[in-house]
Amino acid sequence: MATAVVVTVNGLQYQVPNTYGEISLNEFLRKNLLLTGTKVMCREGGCGICVVYVEYPDPSQQGVVVQRSINSCLCPVLSCDGWSITTVEGTGNRVTPSPIQQQLTKHYGTQCGYCTSGMIMNMHGLTKKYNGSALTKQIVEDSFDGNMCRCTGYRPILDAFKTFASDSKPACHAVVDLEDISGQGPGVKCPTTGETCFGTCPKPHESQMAITNPINLQAASWDQPKTLTELYSRMAALAGKRLFLVAGHTSPGVYKDGPYDAYIDTKKISDLYLKRVASTTFIGANVTMTDTIDFFNQTATSNPRFSYLAAVAGHIKKIAGTPVRNAATWAGSLMLKRTHPEFPSDIFLCFEVANALITVQSSDTDKLVISPLALLTTNMDSPRRVITSAGFPGFDANVLFRLYKIMPRSQNAHALVNAAFRAQVDRSQPGKFVIGSPALIFGNITGSFNHASLTENYLKGKDIGDATVLAGALKILHDEIKADDVPAEATPAYKQSLSCSLFYKFALEIVGNSANSRFRSAVGSLSRPISSGTQDFPTNASNYPLTQPIPKLESLVQCTGEAKYISDTDSGTMLYAAFAVAERGNADIVKIDSTDAMKYPGVVKVLTAMDIPGVNNINPNANVDQEEALASAKALFAGQPVAVVVGSSQTAAEEGAKLVKVTYANAQTPILTCRDAIDAKSFFPSIPDMVIGDAPTAIKNAPSRVKGVLEIGSQMHFYMETQAAVCTPTDDGMDVESGTQWVDWVQGGVAQCLGVKKNLINVSVKRIGGAYGGKISRGNIIACGAALAAHAVNKPVKMFQSLWDSAKMIGKRNPYYVEYEAGFDANGKLAGIITNVYANCGQTATESPVSAVTLWGDNGYNCPNWKVSMTNCKTNLPANTWTRAPGSTESIFFIEYIMEHIAQTLGKPSIDVKRANFYKNGDRTITGQPLKDFTLAELTDSFLTSASYRQRLQDAATFNLNNRWRKRGISVTPMKYGSTWNGNNFNCFISIFHSGGTVAVSHGGVEMGQGINTKVAQVVAYELGIPLDLVSIKPNFSLTNANANSTGGSVTSELVSLAAINCCSQLKARIDPIKNTMPNASWSDIIEACFVKTIDLSARSWIAPKTTGDDAPVNYNTYGVTCTEVELDVLTGEHQITRMDVIHDCGESMSPLVDVGQIEGAIVMGLGYYTSEELVYEKTTGALVTYSTWKYKPPTTKDIPIDFRVQILQNSSNPSGVLRSKLVAEPPLCMTCSVVFALREAIKAARDEISQGHDWFQINAPMTVEKVQQYCLPDIAQFTYN
Ligand SMILES: Cc1cc2nc3c(=O)[nH]c(=O)nc-3n(C[C@H](O)[C@H](O)[C@H](O)COP(=O)(O)OP(=O)(O)OC[C@H]3O[C@@H](n4cnc5c(N)ncnc54)[C@H](O)[C@@H]3O)c2cc1C
Ligand code: FES
Ligand code: FES
């Protein structure tokens, strides 16, 4: 093997030493080539932000080039030998952006921009694969299953990319020829030959480059044989060694099985790419899933005996996301199942049901041909064997195949349960469906359960059309499915029920029209048409650039990868830090042993609490609870930082951190939930009740009453840029680049930990890759950790957390437990409400939003009597923290829940009960303020009409009548949201430069995707009366923006705009006297004249709004209404949002496209919170189980509403707002509980089928697929044909 491989990146060749076996392409690009446009987050193929485009010679076909997008985080750089790689920087730049970059910018497809390059490169790969008319909207929509975005809600991204589809509307069609894109991209052509460059020229190109920051490694051996014979001999030579056969190398995204002694890359062995169709269809072990899908689809079309392969291909398409499938092989998946029998391999399922035969060999003569099931127990190690191919038999038309995969979200998730069924059906006797040799295979039941053998045996030769046979089969199946109880997987009860459901679906397919059509509604899965959206917003051309719908200022540089984030900062001289964390909570720490950590190559220092020079507390404000930077004596929660490990590389720091040993004593069972805390009476100091009137008496005297409880879970912020800080010691203190929403807090926290004066700490932040509240105070944990390390080693130190560490350490949205009681009259008019609200705070209550219920808990409803008790529960979780619309989201959910309960009790549509309770102007809200701007009632009424609510309600009822196993539900959620400015201090600093009159602005807010910079620039340009392109927004810096508050609560955009307006007023006051003397002069000339006259062209403003009396605490209200329609599969619990209508009042929107983006993004984040995002903790240690993308499931492109209609209210204004605007960002999320109630309606319809829908039933959020199915109460006794 050569000592180096040659990799071409964006047209330049690099030699990579063959010691880089464990360095990913992503690390190589970011660290060695400083190509930081390619981002990194999960490092497990789950988020797609690291996607790059690759080309390499097809090992099986001379002269053919393989072209595709892959995840750079999983791809070892050495396996790119001879490849040509294009990163986002290689496709265009801000001067000459590519058509894809232009379209995404134009469609407002970026917010924080951290996911953007992955999106661009995935689309780049698509346009290479599908030339000309072959690219359709459907293909675009199907191909973004592996790319996550937490900000945008995906709609604008999909819209942008669909413009390249041949079937997009001509008016929307991107004005480029796909051929242009396919040919473009500097760097993919060889400068000598003009052909695609694979780095295989015998002589290096002139441009062969040295790599920056080379890494010295003692790595496992790496080999890349070119023939099977070479492979066999190299494998034999490694007998007894831990060997990884590198195919796609995606499996480390699922299981981290190392370390390995040796890697053998099999990608250049042409014999492993066999594709042949004869009486058997053969496919080589190295054929990727993408190519398998294409090959199976072609084979199915051209040969009826293989038509079943189309169903197999359809199932393989549900594995992972497109970039993973572009690299992953089927053989790797089978081997994963072999090593980890519990792994729910979809490939195993597909191949087993197809009766595939797998060939495994250790030499040309040692050849076994075995079933996938036999492979699981076949000796592959002595002799060392490799899978070489699989053969698929043909089947007659009377053999029926069905494959199912039920996932926690629509795509890119492993199966809760997967199943594949095959049955030969003899229909020769009229009305009979006799089954011969069936195969019923299930995944994710237990490690050893694959075939439902008892049911298979029972069915042989029986007529499944016979109701008693069906019942018998279901009974046996029900009894033989005994699933393991695994945390964060579906429960055994659901798996059992689901398995029966899937078999019942299969039986219904076999008997076809002999079953009642209502019951046949169970057949198949929910079908999802291509999604679409409309956006309707006001704009006022006379105020431009204010109210002008423009793309975000930073959008283009985000699309070209030129936008720099803190996590991108790197240099050859800096060190890296990672936290070692407690593995359990609620225990004393006896000892922290760093001996092993210090032995890890590259580790230079391990710091514990004893090494902190200042105060061991990250919170600089004496009024809030203390939080240790490093745990000193007690591990309060699993995931708490106990040490900082400093190393010469990120890997050294992280691996070293894992070796820090903590000895515990006095370990107690951790308190994890509100109910645990209630049982243990583990509370923070009590909070006074909110009492209005006399709720107990009012409820007692009311004609009707409801009483109940509800629970709602937590939510991870899931920012795509995890927490990051870079600290550089200077001669007078420390420079801190921090990914924070709150510069002042970081400055104070770092100064306190280091024991230095605050003025010696210089904090800056230009932009952050998403935050959603998680970087308000929590950024201090990371900034303090990095600062302590930098101080200790007196060198620049970067801390860029892994997703896993971040998930375990950082607090999240507070879970709640609520008891409620309400009294009302026959119309549902409220008489009184009592609620006991318990918030799970984790280790501190500093950031508890529990009292938000006193601000937003009434929503738009007038109730004369309230008693609200609020309790902060102290649990062994990290300090839970603000998460987009904290407290308001939940408070509105609680009251909406109560309204739904009342409505069902009265048998009325809930919207009628809600309308009966709407406030009127002049009414006092729960804050005691008289309402003067209440427009919600009229807004709701007009919205009901524009959303065709009543008609659709009827249509849903008809649908439900006609479909036994599919149900629809519609719900409407109106919203009143009070904006509070008090306590929010912000500043702004503006300078106008002579020689051109350009303007620079530094405001006290932080750009994290919400478009604050764009709004401020629009405001400044409008106020000064100059073109927008003269305005530039600079980073937030602790000197220019000293003492500013955190960016959050949706009010920062308007308040820094207010500060900017004040600055502009000051400047205008100084400029205008000069201007008035130069009536026809240009802005530039006026500024020059001011300069000559020594006018101060800089201004500063400080905003500290104070409202009192009837104007406090709510400055003004904003309103919105959401209508959600869902359809669910009763048997599985899968559901989708068929249509969602949202109207939101933004006053006079300063920047309508920014505001539409905020609405859509908030809605989709809310949909995740209410349906698929679930956090699970291990009960004995309190450790988070759902810390990875494998287990935690935010929404993807196909979880968004199929028909998504967003309106910003026309003709609105806001006399109390900034330039007549209203806030956005958080309020729309408060309406997303609408999905819960739409689902509840559908579940109620399902329960009505068994007479269980009449009485109120409790539902808890999130409404996961499992919960939804279980709430429908399916039972095998109901699984009949009629
Ligand atoms: C984000 C993500 C989501 C996923 N979702 C799913 C899912 O929903 N359903 C599902 O079924 N799977 C899923 N997977 C798993 C995926 O299918 C496997 O990672 C993939 O198939 C492994 O193939 P590979 O070519 O990358 O194998 P590699 O990672 O290269 O190798 C895997 C193992 O197989 C061995 N091996 C490789 N080739 C051979 C061979 N020819 N003969 C013998 N041994 C060999 C290797 O030594 C190694 O032990 C997911 C993976 C990721 C990263
Ligand atoms: S970082 Fe590669 S997929 Fe997430
Ligand atoms: S823009 Fe996609 S994650 Fe922020």
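None of the values given here were measured: they were computed from a predicted structure.

**Side note on the site of ligand 1**
- Among the 36 residues in the neighbourhood of ligand 1, the closest are listed as Thr 250, Ser 251, Thr 329, Asp 346 and Lys 405.
- Note that an oxygen atom of ligand 1 is positioned 2.6 Å from one of the side-chain N or O atoms of Ser 251.
- Bound to the protein, ligand 1 loses 96% of the 970 Å² it would expose on its own.
- When contributions to the shell around ligand 1 are tallied by element, the ones reaching two or more residues are strand S7 (243–246), helix H11 (330–339) and strand S13 (386–393).
- Counting residues per element, the shell around ligand 1 draws most heavily on H11, at five residues.
- Taken together, the residues of the shell around ligand 1 break down into 22 nonpolar, eleven polar and three charged.

**Considering the UniProt feature "active site" (unreviewed entry) in the protein**
- In the UniProt entry, the feature "active site" (unreviewed entry) is given for Glu 1226.
- If near-sequence neighbours (up to four positions away) are discounted, Glu 1226 is found in contact with Arg 884, Ala 885, Pro 886, Tyr 977, Gly 1049 and Ser 1050.

**Some words on the sheet that holds strand S39 (residues 1116–1129)**
- With mixed pairing, five strands are arranged side by side in an open sheet as S17-S41-S40-S39-S33. The open sheet has two edge strands, strand S17 (532–536) and strand S33 (966–979), and neither has a second partner. For this sheet, the mean angle separating the axes of adjacent strands, direction not counted, is 10°.
- Sheet topology places S17 next to strand S41 (residues 1203–1208); five bridges connect them, and they run parallel. Paired with Asp 536 across the two strands is Gln 1207, which belongs to S41.

**Some thoughts on the pairing of strand S40 (residues 1135–1144)**
- Within S40, nine of the ten residues are buried, which leaves it mostly tucked inside the rest of the structure.
- Between S39 and S40, which follow one another and run antiparallel, lie five residues, and Gly 1133 among them has a positive phi close to 90°.
- Bridge analysis of S40 against S41 gives five bridges, and the strand direction is parallel. Across the sheet, the residue bridging to Val 1142 is Val 1206, located in S41.

**As for the side chain of Ser 72**
- Following the sequence through the fold, Ser 72 ends up in the loop between strand S4 (65–71) and strand S5 (84–86).
- Not counting residues within four places of it along the chain, the set of residues in contact with Ser 72 comprises Ser 24, Leu 25, Asn 26, Leu 29, Thr 38, Cys 50 and Val 52.

**Topic: the environment of Ala 247**
- Tracing the backbone shows Ala 247 in the loop between S7 and strand S8 (262–265).
- On a C-alpha basis, the gap between Ala 247 and Arg 94 in space is 37 Å, while along the polypeptide they are 153 residues apart.
- Once residues within four sequence positions are removed from consideration, Ala 247 is found in contact with Thr 266, Lys 267, Asn 286 and Thr 329.

**A look at the nonpolar core**
- Of all hydrophobic cores here, the largest spans 298 residues; its most connected members are Phe 161, Phe 442, Ile 464, Phe 503, Phe 893, Ile 990 and Val 1020.
- At eleven residues, helix H16 (residues 492–511) tops the list of elements feeding residues into this core.
- With near-sequence residues (within four places) excluded, Phe 161 lies in contact with Ile 100, Leu 104, Met 119, Ile 120, Met 123, Val 140 and Phe 144.
- Met 289, Leu 309, Ile 370 and Ile 441 belong to the second largest nonpolar core, which has 56 residues in total.

**Some remarks on the side chain of Gln 361**
- With respect to the helices and strands, the residue Gln 361 is situated in strand S11 (residues 357–361).
- Discounting chain neighbours no more than four positions away, the residues touching Gln 361 are Tyr 232, Asp 366, Lys 367, Arg 384, Arg 385, Val 386 and Thr 388.

**Let's talk about the pattern of salt bridges**
- Across all of its chains, the model carries 58 salt bridges by this definition.
- Put simply, Arg 94 and Glu 562 hold a salt bridge, and the shortest N to O gap is 3.1 Å. Of this pair, Arg 94 sits in the loop between S5 and helix H2 (99–106) while Glu 562 sits in the loop between helix H17 (555–560) and strand S18 (575–581); the two residues are 468 residues apart in sequence, bridging distant segments of the chain.
- The partly exposed category is assigned to Glu 562, whose relative accessible area is 26%.

Basis of the calculations
Residues numbered from 1 in each chain as written. Chains lettered and ligands numbered in written order. Predicted model: local features only at pLDDT ≥ 70, side-chain atom pairs only at ≥ 80, totals over all residues. Heavy atoms only, no water. Near = heavy atom within 4 Å. Polar contact = N/O pair within 3.5 Å; in protein donor to acceptor, adjacent residues only side chain to side chain. Areas by Shrake-Rupley, 256 points an atom, 1.4 Å probe, with all protein chains shown as cover. Helix = DSSP H or I, 4+ residues; strand = E, 2+ residues; numbered from the N terminus. Nonpolar A, V, L, I, M, F, W, Y, C, P; charged D, E, K, R; others polar. UniProt positions renumbered as here; feature names shortened; annotations may be inferred. Contact = heavy atoms within 4.5 Å. Pairing = 2+ DSSP bridges. Axes fitted to C-alpha atoms, helices over the stretch in contact; angles between N-to-C directions. Buried < 20%, exposed > 50% of the residue type's maximum accessible area, 1.4 Å probe, protein only. Core = buried A, V, L, I, M, F, W, Y, C linked by side-chain atoms within 4.5 Å. Salt bridge = Lys/Arg side-chain N within 4 Å of Asp/Glu carboxyl O.

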